[in-house]
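An overview of the molecular structure
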Amino acid sequence: MSGTALVVGGASGIGLAVAKAFVAEGNQVVVADVNAEAARSAADEMGARAVAMDVTDEASVAAGFDGIEDLRTVVSCAGLTIPGAITELPLEQWQTTIDVCLTGSFLVLKHAGPRIADGGSIVVISSLNGRQPGAGMGAYCASKAGVTMLVEVAALELASRGVRVNAVSPGLVDTPLTAGLSIVPGLTDEYIENTPLGRAGRPDEIADMVTLLASDKASWITGAAFDVNGGAHLQRYPDVLGKLRAMVP
Ligand SMILES: NC(=O)c1ccc[n+]([C@@H]2O[C@H](COP(=O)([O-])OP(=O)(O)OC[C@H]3O[C@@H](n4cnc5c(N)ncnc54)[C@H](O)[C@@H]3O)[C@@H](O)[C@H]2O)c1
């Protein structure tokens, strides 16, 4: 890949690893994140540029793309998880998850499409939960299933310009997003038991798939979702809801 790569949600976890991998390959990188301070410090450290971007706000997304020259790669990593049973989840928490994970991906695709160079590559981070249901994960599962389908539609719509659009679907990866899981007794163990390769992933292992998809080595790949999860899609998702309920006295 040459040109500029924009990594949305690039201040932490998987996005941060993706941004570092692009810098290591010698690319110009722009780190975009709602946490402007974290984006700036991450960008300064790796020799990239930072922009503030809230993926739930269309004007903010559009402004984040402004001024980026020779845009060849866009990676959409922004996300969050709010667990809760469908029968109990407050509408506001459902909406927040959908806004960040699904509508955020839509807005990044919407504004990346017209700005990315012909032949460019867009990668959206979906999840194991885009294909595997988990009790207590309704909002996140629905949003990520939507992301995977949105990527397929975007691939159809942008193919005439040679722009490729793919999804990467991680399983459990050690990041700040998942650090809090350790307070739920037995949850991480159940994830690992259901991961044939027997461990959580590292952010750089997701970045490796993203950089491959951004490269010419993936020149005939579009509209696909890639499981990067140690084989976890072959087994079952942990009982998040049961474990959360067991914590309530
Ligand atoms: N870590 C995992 O186990 C895992 C598994 C499957 C999928 N994912 C997905 O990978 C992506 C990255 O997750 P992570 O684990 O690196 O999490 P993380 O919390 O470390 O990083 C997420 C980043 O997104 C940013 N962000 C959140 N809301 C935003 C918004 N409205 N606008 C712009 N940026 C925003 C955060 O500030 C943060 O920098 C997410 O889409 C997540 O759903 C993670």
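In what follows, the structure referred to is the one given above.
Since the model is a prediction, treat every value here as computed from it, not as a measurement. (Residues numbered from 1 in each chain as written. Predicted model: local features only at pLDDT ≥ 70, side-chain atom pairs only at ≥ 80, totals over all residues. Heavy atoms only, no water.)

**Describing the nonpolar core**
A general tendency of soluble globular proteins is for nonpolar side chains to be buried together. Membership of the largest hydrophobic core comes to 30 residues, with the highest contact counts inside it found for Val18, Phe22, Val31, Val168, Ile206 and Val210. With residues near it in sequence (within four places) discarded, Val210 still touches Val18, Phe22, Val75, Val123, Ile125 and Val168. One finds Met53, Val55, Leu71 and Val163 within the second-largest nonpolar core, a separate group that totals 29 residues. (Core = buried A, V, L, I, M, F, W, Y, C linked by side-chain atoms within 4.5 Å. Buried < 20%, exposed > 50% of the residue type's maximum accessible area, 1.4 Å probe, protein only. Contact = heavy atoms within 4.5 Å.)

**Observations concerning the sheet that holds strand S3 (residues 49–52)**
In space, the 7 strands of this open sheet follow the order S3-S2-S1-S4-S5-S6-S7, with parallel pairing throughout. Looking along the sheet, the strands with just one partner apiece sit at the ends: S3 and strand S7 (225–228). Taken over all neighbouring pairs, the strand axes of this sheet differ in orientation by 20 degrees on average, direction set aside. Where strand S2 (residues 28–33) meets S3, 4 bridges bridge the pair, whose relative direction is parallel. By the bridge assignment, Val31 is partnered in S3 with Ala50. Strands in contact with helix H2 (residues 36–46) are S2 and S3; relative to S3, the strand with the most contacts, it is inclined by about 170 degrees. Against the sheet, helix H4 (residues 91–115) touches strand S1 (4–8), strand S4 (71–76), strand S5 (121–125) and strand S6 (164–170), its axis set at about 175 degrees to S4. (Pairing = 2+ DSSP bridges. Helix = DSSP H or I, 4+ residues; strand = E, 2+ residues; numbered from the N terminus. Axes fitted to C-alpha atoms, helices over the stretch in contact; angles between N-to-C directions.)

**Here's the deal with the environment of Leu89**
You can see Leu89 is positioned in the loop between S4 and H4. Put simply, Leu89 and Phe22 are 67 residues apart on the chain and 38 Å apart in space, counted from C-alpha to C-alpha. Setting aside anything within four residues of it in sequence, one finds Leu89 in contact with Ile82, Pro83, Gly84, Trp94 and Ala139.

**Quick notes on the side chain of Glu190**
Mapped onto the elements of the fold, Glu190 is located in helix H7 (residues 187–193). Classification of Glu190 by relative accessible area gives buried; the value is 8%. Among all residues touching Glu190, those that are not within four sequence positions of it are Arg236, Tyr237, Pro238, Asp239 and Lys243.

**A closer look at the packing of helix H1 (residues 13–24) against helix H8 (residues 203–214)**
Look at H1 against H8: their axes get within 8 Å of each other, and the N-to-C directions meet at 55 degrees. Judged by the angle between their axes, H1 and H8 are oblique. Where H1 crosses over H8, the handedness of that crossing is right-handed. Between H1 and H8, the residues in contact are Gly13, Ile14, Ala17, Val18, Ala21 and Phe22 and Pro203, Asp204, Ile206, Ala207, Val210, Thr211 and Ala214, respectively. Across the contact of H1 with H8, the residue classes tally to 10 nonpolar, 2 polar and 1 charged. (Parallel < 35°, antiparallel > 145°, perpendicular 65-115°, else oblique. Left-handed = near helix turned anticlockwise from the far one by under 90°. Nonpolar A, V, L, I, M, F, W, Y, C, P; charged D, E, K, R; others polar.)

**Here's the deal with the site of the ligand**
In the vicinity of the ligand lie 28 residues, with Ser12, Ile14, Asp33, Tyr140 and Thr175 positioned nearest. A distance of 2.6 Å is found between an oxygen atom of the ligand and a side-chain nitrogen or oxygen belonging to Ser12. Note that an oxygen atom of the ligand is positioned 2.8 Å from one of the backbone N or O atoms of Val173. The protein chains hide 91% of the 830 Å² of surface that the ligand would expose on its own. Sort the elements by how many residues they give to the shell around the ligand and helix H6 (residues 176–179) lands first, with 3 residues. (Near = heavy atom within 4 Å. Polar contact = N/O pair within 3.5 Å; in protein donor to acceptor, adjacent residues only side chain to side chain. Areas by Shrake-Rupley, 256 points an atom, 1.4 Å probe, with all protein chains shown as cover.)

**Some details on the environment of Gly120**
Turning to its location among the elements, Gly120 is positioned in the loop between H4 and S5. For the pair Gly120 and Thr73, spaced 47 residues apart in sequence, the C-alpha separation works out to 5.8 Å. Apart from the residues within four sequence positions on either side, Gly120 is in contact with Arg72, Gly162, Val163 and Arg164.

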